[in-house]
Amino acid sequence: MKRRKLALALAACMMATVVFTGCGSGAKQESTQAAAEPAKEELQSQSNETMGEADTQTAISGGKADSVTVGIMSDPENMGPWSGMSQGRIAVLFTTYEYMITRENGMAYGVLAKNWVQADPKTYQVELYDYIHDAKGNPLTASDIVFSFESAIATKNYGKLSVIDSVTAIDDYNVEFSFNKELEIGEFENIMLECAIVTQAAYEASPDQMATTPVGTSAYLVEKYVPGSEIIMKDTGNYWQTDESLVHGTSVHNVSEIKFSVITEASQHTVALQTGAVDISNGVPDTDISKFGEGGEFSEGNAVGVVLDNLTYDVEYNMSDSSVFKEDENLRFALAYAIDKEGVNIGAFNGNGVTVKDFANATYPDYNPEWDNEEYYDYDVDKAKEYLAQSAYDGRTLRLEYISSGMSEMIAQLLQAYWGQIGVNVELIGYDQMMGQQEQYNADGFDILLKSTGSTDYIVNQWKLCWDARDYREITGGTANFVVDEELDRLMQAALSTDTYGPESIEAFHDYLVEKCYGYGVVEGPINIVHSDKITNVALDIRKQILPGACSYAQ
Amino acid sequence: MWKYIVKRLLWMIPVLLGIAIVIFTIMYFCPGDPAASILGNSATPAAIEEKRIEMGLNRPYMVRLLDYLNQVFLHFDLGTSYFQNQSVMSGILYRLPYTFMIAIICMLLQILIGTPLGITAAVHQNGIADRICMVIALAGVSIPGFWLAMMLVLLFAVRLGWLPPYGVGGLQYFILPCIANAFAGIASQARQTRSSMLEVIRSDYIVTARAKGLSEREILYKHALPNALIPIITVVGNGMGMMLGGTVVIESVFSIPGIGMYTTSAINNRDYPVVMGGVLFLGALFSLIMLLVDVIYAYVDPRIKAQYEGQQKSWKRRKRANG
């Protein structure tokens, strides 16, 4: 109990830090760039060594290089600032554009925003640096922020921006954002991180709405874009932020020329690294990773870095009225206890992932470390069988739905095997991304859902992706997996509200979810990054994409 | 002959209309939502619905179909990509040269290697040369293109370092993809040529030619080959059509931004305008190639030319008879 209280106190300190650095707190606090020391989310990897933890060493001081080639899996297709999200776009967005703020290790820092203040529950005011200009030299003022946000909202490509009522320029360097509701924890920062900022002058001068000729305020300008093949960006040498202490990871420019090479076939990433055609890639197939590791066939001149993904593989039960799980808590527990999470980690990720003790993983700043010591459906076949015996399970085949990409298929097979061990028959139903997104709301289409979810800020925002019934009620009648539970809704809203967000509300939600077992986390997977010795430190953005400009290079 | 060509071109209109209706219907009923794809995994159902309305995806089937047919056939506009915000036609035309380059090189390889292989095999039927040619042909038909592609990459790019493993640029970037892509075509061509030639060289007029004392070379290239050309041309035409639309695997392995990659990526993203536009464009291209094949038939075989002209004459006669 004492340890639990201590953990709560520690978590409270973390909350206070988060709140008082001005990240959308309920209190009218001013946030400034200098609120915290810069801390880069960076993977430090040494030659032929595999590191499992992110390092907080700054990349600004790192060595610089003339050029680097990054292998990416997909073409951005459209490099315009407001064309939605895709695998190809997220790989290049932070190198091309800057945003109002950036986030590193869960903390928000101003990029274009010098500081920001919450004027009233639905209004925020943001002050900009008064010396910003884009890569073509056009000065950026408040009217450009208004233009960027209004253009992004008009595309309807960004759901998070739908809460904005208006964006108004107060003067040249101050902007006011009015919202149609009181924002929840982390929501303001997420909105600021959603919209790429460009100058109206550059956008209107672009012949194709920046689809192939983007101009952001970052240090890099696209010199050549061959759709489907490569993007070459060059440091303009005229980056607006001259105070290096204010340059954060997404804006660091340690390399003069960045070439993104689109390589759609995973095995070609291996070849490209072998032949030196690319310097760094996160697309090497898992089966080839060991070849670049210590003692591997291609270890000379190469290194492997392993960093934990922010995505967690979760199991969600279908809790709709027609589902076997709706009234059968014992069946829910039986399946939960039957999973050897460490076995899944080893089977799917060679042990490079980590098992989780919540619906989300431990990388969030508001994660309670005390949960690591708690029992969380720990693997126990006997217990699973006991629960199964008490359940109403009649031997029917249950359908496990998953998106058949990445490691989901392997994890689904492992879950099928574990559940088979206690006598539960499971049929696997794999969908492609598009079909999976649609079928997850079809109550008759599945019994269990394997999903990978993650947030770029707080644990509560990962929970929100499944458990906030306000987002799903119209379609599912409850949460994303059809749970209709007023207490769960109350606890979720308490954890999300800026007034009640804190260790108590987080703990209460966690405990309730564990008690009800509507769904649970299984494992957090790793991301393998293979790079040449030329790169000494690999920098990643909040979505765990490589930031070539912020990497450090061998002198 | 010209009338025949015009008639065939006019027939392409209902064919393309049919393709447009079929592909639109398939995409309409295809599960998956482009709005969800644009907004990403964390989008709420409400945001997705709003985007669907904005994109017009909530409209009834018939309204959308008629709108699409009107746009394509009356305004000659294939639409705009949901993701690239770029006209589908310009997207296709940008990528066409890559695919076309591969298809043309592969076709040339197919003709220049496959045909002599087939002729050699036929002339030396059951001999060593025949067996060697047919083993090569069998390997070409049996080896999957992607596997051969990776083997070529390992040998020529990784081990020898002679050629680039992927990407686009100079002609050197097309060597490995074209070899990998053409191998199966060469094999089909060799097999088809052999079988056509075998049929022809047993004909009476070949025996007569020999009896007249013509040289084997003259018999082969002046008498046998022209008469064996029809099935060979068919294989080349089909191969060209397949290569224009079906280089997906090779484009994917070698990261070539061609039409195959464009349409498969669009299928994954449910980018309906690109998928429909791509299929329609390839349909039109394939129809034109088939027309070209038929025209070549007429020039290769006078009997077919006479048949085409005969159809025209009988049509005129019928017209006159009907007053």
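Reading guide: rules and limits
- Residues numbered from 1 in each chain as written.
- Chains lettered and ligands numbered in written order.
- Predicted model: local features only at pLDDT ≥ 70, side-chain atom pairs only at ≥ 80, totals over all residues.
- Helix = DSSP H or I, 4+ residues; strand = E, 2+ residues; numbered from the N terminus.
- Contact = placed C-beta atoms within 7 Å.
- Buried ≥ 20, exposed ≤ 12 C-beta atoms within 10 Å, placed from the backbone.
- Expected span 1.5 Å × (residues − 1).
- Axes fitted to C-alpha atoms, helices over the stretch in contact; angles between N-to-C directions.
- Parallel < 35°, antiparallel > 145°, perpendicular 65-115°, else oblique.
- Left-handed = near helix turned anticlockwise from the far one by under 90°.
- Nonpolar A, V, L, I, M, F, W, Y, C, P; charged D, E, K, R; others polar.
- Core = buried A, V, L, I, M, F, W, Y, C linked by C-beta atoms within 7 Å.
- Pairing = 2+ DSSP bridges.

1. Things to note about the overall build of chain A
Helix and strand counts for chain A come out as 16 helices and 22 strands. Long-range contacts, defined as pairs at least 24 residues apart, comprise 71% of the intrachain contacts of chain A with a sequence gap of at least 6.

2. Focus: the overall build of chain B
Tallying secondary structure elements over chain B gives 14 helices and zero strands in all. In chain B, the succession of α and β elements from N to C terminus is α-α-α-α-α-α-α-α-α-α-α-α-α-α. When the backbone C-alpha atoms are referred to their principal axes, chain B occupies close to 85 × 75 × 30 Å. Counting all 323 residues of chain B, 39% fall into the buried class. Taking the intrachain contacts of chain B between residues at least 6 apart in sequence as the baseline, contacts between residues at least 24 apart amount to 72%.

3. Some details on the environment of Gly63(A)
Inspection of the secondary structure puts Gly63(A) in the loop between β3 (54-55) and β4 (65-72). Along the primary structure Gly63(A) and Ile535(A) are separated by 472 residues, whereas in three dimensions their C-alpha atoms are 8.8 Å apart.

4. What to know about helix α3 (residues 142-155) of chain A
Residue and element names in this part refer to chain A. In a regular helix each residue adds 1.5 Å, so 14 residues correspond to 20 Å; α3 covers 20 Å between its end C-alpha atoms and thus fits that length. Among the residues of α3, those classed as buried are Ala142, Asp144, Ile145, Phe147, Ser148, Phe149 and Ala152. Buried residues belonging to α3 abut β8 (123-128), β9 (164-171), β10 (174-179) and α5 (200-205). Directly after α3, the chain includes lysine 156, whose backbone phi takes a positive value near 55 degrees.

5. What about the packing of helix α15 (residues 486-496) of chain A against helix α16 (residues 503-516) of chain A?
Residue and element names in this part refer to chain A. It is the contact of α15 with α16, at a shortest axis distance of 8 Å, that shows an interaxial angle of 150 degrees. With respect to each other, α15 and α16 are oriented roughly antiparallel. Here the hand of the crossing between α15 and α16 comes out left-handed. Between α15 and α16, the contacting residues are Glu487, Leu488, Leu491, Met492, Ala494 and Ala495 on the first element and Ser505, Ile506, Ala508, Phe509 and Tyr512 on the second.

6. Focus on the interface of chain A and chain B
Facing 41 residues of chain A, the contacting portion of chain B comprises 38 residues. Contributions of two or more residues to the side of chain A that touches chain B are made by β13 (255-262), α6 (266-275), α12 (433-439) and α14 (469-476) of chain A. When residues of the side of chain A that touches chain B are assigned to their parent elements, the largest contribution, six residues, is made by α6(A). Here the side of chain A that touches chain B is composed, by residue class, of 15 nonpolar, 19 polar and seven charged.

7. A word on the environment of Ala303(A)
You can see Ala303(A) is positioned in strand β15 (residues 302-317). As a C-alpha pair, Ala303(A) and Lys291(A) span twelve residues in sequence and 9.9 Å in three-dimensional space.

8. A short note on the nonpolar core
Formed by 240 residues in total, the largest nonpolar core has its most connected members in Tyr99(A) and Trp463(A). Per-element accounting of this core gives the leading share, 13 residues, to helix α8 (residues 172-201) of chain B. Not counting residues within four places of it along the chain, the set of residues in contact with Trp463(A) comprises Phe359(A), Ala360(A), Met492(A), Ala495(A) and Phe509(A).

9. Things to note about the pairing of strand β6 (residues 107-110) of chain A
All names here are of chain A. Side-chain alternation along β6 places Met107 and Tyr109 on one buried face and Ala108 and Gly110 on a second face that is also buried. Inspection of the sheet shows strand β5 (residues 101-104) paired to β6 by four bridges, in the antiparallel sense. Its bridge partner lying in β6, arginine 103 is registered against alanine 108.

10. Looking at the packing of helix α5 (residues 88-123) of chain B against helix α6 (residues 128-142) of chain B
All names here are of chain B. Look at α5 against α6: their axes get within 7 Å of each other, and the N-to-C directions meet at 140 degrees. Comparing the axis directions of α5 and α6 gives the class oblique. Handedness of the crossing formed by α5 with α6: left-handed. Across from Leu117, Thr120 and Ala121 in α5, the residues of α6 making contact are Ala129, Asp130, Cys133, Met134, Ile136 and Ala137. Residue composition of the contact of α5 with α6, grouped by class: seven nonpolar, one polar and one charged.

11. As for the pairing of strand β19 (residues 448-453) of chain A
Residue and element names in this part refer to chain A. Of all six residues making up β19, six are buried, and the element is well covered by its neighbours. Side chains Ile448, Leu450 and Ser452 project from β19 onto one buried face, and the interleaved Leu449, Lys451 and Thr453 project onto a second face that is buried too. Sheet topology places β15 next to β19; six bridges connect them, and they run antiparallel. From the neighbouring strand, tyrosine 317 faces β19, where its bridge partner is isoleucine 448. Judged from the two bridges that link them, strand β17 (residues 398-403) and β19 form a sheet pairing that is parallel.

That's the geometry; what it means functionally is another story.
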